[in-house]
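# Observations on chain architecture
Spelled out from the first residue to the last, the chains are:
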Amino acid sequence: MKIEKVEVERFSLTSSKPFDAVVATLKSAVGQPDIVEFFNVSRAANSFSELERVVQGALGRTGLMLFAEFDLGAVLRLESGADGPNSMRFVVGNPLIMKEMVKHVPDAGSYAPVTILIDERPDGVHLSYDRMESYLLPYGSAEALAVARNLDAKITTLLRECAN
């Protein structure tokens, strides 16, 4: 058994835009395939080039797609009432980017696709993301870190767009 400590860097910014507008901007920027159909078609691919075509067809203009979303605020509001804060977790990524990291650092599969948290707080709508580079830094793979930095740039650019 082995336990290692991984220090994670969190990118976070606060927006004065309404929660729904921030979420709408995020969703308009990423592909939103029928995820069950996407996985079925992906599994049926007979070659890597066929898989690439499937993935490319599912991506949004950012080169990313939405794998899942969790309405954390709905759960909170069941306890606190209708006035509780909004909070959404989005699982976003690109299987081709994930593949490039995993081929150099297998543990990267634990971190990709990534999580984006958008939640309301008294000072505004917070957008948060744990940087992939910080997850992969301890593994020492220059190749995986280069891919991670590019992914981090995609995500942080997206979050800035959503916030402004």
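Values in this document were obtained by computation on a predicted structure and should not be read as measured data.

So, about the nonpolar core. Ranked by size, the top nonpolar core spans 38 residues in total, and within it M101, I118, M132 and L136 carry the most contacts. If you list the elements that add at least two residues to this core, you get strand 1 (10–15), helix 1 (19–29), strand 3 (87–93), helix 5 (95–102), strand 4 (114–121), strand 5 (124–130), helix 6 (132–136) and helix 7 (142–163). Beyond its immediate stretch of four places on either side in the chain, I118 contacts F19, V22, V23, L26, N86, S87, M88, F90, V125, H126 and L127. Formed by nine residues, the second largest nonpolar core is a distinct cluster that contains V54, M65, F67 and V91.

Quick look at helix 5 now. Every buried residue of helix 5 is accounted for by P95, L96, I97 and M101. Its buried side turned inward, helix 5 meets helix 2 (35–44), helix 3 (48–58), strand 2 (65–71), strand 3, helix 6 and helix 7. Among the residues of helix 5, the N-terminal cap falls to N94, whose side-chain oxygen and the backbone nitrogen of L96 are separated by 2.8 Å.

It is worth spelling out the sheet that holds strand 4 at this point. One open sheet accounts for five strands, arranged 1-5-4-3-2; its pairing is antiparallel. Each having just a single partner strand, strand 1 and strand 2 make up the two edges of the open sheet. Going from strand to strand, the sheet's axes swing by 20° on average, the running direction of each strand aside. Bridge analysis of strand 3 against strand 4 gives six bridges, and the strand direction is antiparallel. Bridged to M88 within strand 4 is I118.

Turning to unusual backbone geometry, a few remarks are in order. If a residue is not glycine, its phi is most likely negative; likewise, a peptide bond is most likely trans. Of note, the amide linkage connecting A112 to P113 takes the cis form, showing an omega dihedral of 0°. Inspection of the secondary structure assignment puts P113 in the loop between helix 5 and strand 4.

As a working rule, side chains carrying opposite charge can pair if their charged atoms are close by. Within this structure, the stated rule accounts for 12 salt bridges. Of the charged contacts, one joins E161 and R61 as a salt bridge, the two residues approaching to 2.3 Å between their closest N and O atoms. Of this pair, E161 sits in helix 7 while R61 sits in the loop between helix 3 and strand 2; the two residues are 100 residues apart in sequence, bridging distant segments of the chain. We classify R61 as exposed; its relative accessible area is 56%.

Time to look at the side chain of H126. Checked against the element boundaries, H126 lands in strand 5. Take H126: its relative accessible area is 9%, and that puts it in the buried class. Side chain to side chain, H126 and D123 meet in a polar contact 2.7 Å long. Filtering out sequence-adjacent residues up to four positions away, H126 remains in contact with S12, L13, T14, L117, I118, D119 and R121.

The pairing of strand 4 with strand 5 spans six bridges and is classified as antiparallel. Considered in strand 5, the bridge of L117 is made with S128. Count of turn residues in the strand 4/strand 5 antiparallel hairpin: two residues.

Rules behind the numbers
- Residues numbered from 1 in each chain as written.
- Predicted model: local features only at pLDDT ≥ 70, side-chain atom pairs only at ≥ 80, totals over all residues.
- Heavy atoms only, no water.
- Core = buried A, V, L, I, M, F, W, Y, C linked by side-chain atoms within 4.5 Å.
- Buried < 20%, exposed > 50% of the residue type's maximum accessible area, 1.4 Å probe, protein only.
- Helix = DSSP H or I, 4+ residues; strand = E, 2+ residues; numbered from the N terminus.
- Contact = heavy atoms within 4.5 Å.
- Polar contact = N/O pair within 3.5 Å; in protein donor to acceptor, adjacent residues only side chain to side chain.
- Pairing = 2+ DSSP bridges.
- Axes fitted to C-alpha atoms, helices over the stretch in contact; angles between N-to-C directions.
- Salt bridge = Lys/Arg side-chain N within 4 Å of Asp/Glu carboxyl O.

Treat this as a map of the structure, not an account of what it does.
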